[in-house]
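One-letter residues, chain by chain:
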Amino acid sequence: MATAAKCSRPTINRIESLDKASPRSDTVDELLQVFRDKGAEIQIGDEEVLIRFTKEALLAAGQGDYVGPKRTNLDD
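Residues numbered from 1 in each chain as written. Predicted model: local features only at pLDDT ≥ 70, side-chain atom pairs only at ≥ 80, totals over all residues. Heavy atoms only, no water.

Undergrad: Sorry, what's going on with the environment of F35 here?
TA: Within the secondary structure, F35 sits in helix α2 (residues 25-37). Residue F35 is classed as partly exposed on the basis of its relative accessible area of 24%. Sequence-wise, F35 and I51 are 16 residues apart; in three dimensions their C-alpha atoms are separated by 8.5 Å. In contact with F35, not counting residues within four places along its chain, are M1, A40, I42, I51 and F53. (Helix = DSSP H or I, 4+ residues; strand = E, 2+ residues; numbered from the N terminus. Buried < 20%, exposed > 50% of the residue type's maximum accessible area, 1.4 Å probe, protein only. Contact = heavy atoms within 4.5 Å.)

Below, the structure written as structure tokens:
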């Protein structure tokens with residue numbers, strides 16, 4: 001995902017951990033575009049962002065088009 005959004009993995013980690021440092025708006029825009037490109041629908045409101053994963057997006061993720069965090073036995 002970091003590669004697709006043209007940012008570093010540590011940047012993604014900070015966003016995922018809700019680090020107090022705010023990400024740059026262009027980084028957020030790039031990440032949202034990656035989700036859109038994979039078929040997710042995004043609605044941005046005044047106080048929330050809703051991301052709806054369509055069947056197409058979920059199937060793409062299941063086919064390995066998106067590489068997320070690696071799972072270990074500790075995740076179970």
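Undergrad: Even after reading the chapter, I still don't get a nonpolar patch on the surface, so can you show me in this structure?
TA: On the surface, a cluster of nonpolar side chains totalling about 460 Å² of accessible area is made up of I44, V49, I51, F53 and L58. A total of three residues in the nonpolar patch trace back to one element, the largest contributor, which is strand β2 (residues 49-53). Looking at where I44 falls in the secondary structure, it is placed in strand β1 (residues 40-44). (Patch = residues over 30% accessible without salt bridge, like charges linked within 9 Å, V, L, I, M, F, W, Y side chains within 5 Å. Areas by Shrake-Rupley, 256 points an atom, 1.4 Å probe, with all protein chains shown as cover. Salt bridge = Lys/Arg side-chain N within 4 Å of Asp/Glu carboxyl O.)

Undergrad: What is the right way to read the pattern of salt bridges from this model?
TA: It is possible for side chains bearing opposite charge to pair when their charged atoms get close. This model, assessed by the stated rule, comprises four salt bridges. In this structure, E30 engages K6 in a salt bridge whose closest nitrogen and oxygen atoms are separated by 4.0 Å. In this pair, E30 sits in helix α2 while K6 sits in the segment before α1 (9-16), placing the two residues 24 residues apart along the sequence. The partner of E16 in a salt bridge is R9, with the nearest N and O atoms 3.4 Å apart. Residue classification places R9 among the partly exposed residues on the basis of a relative accessible area of 39%.

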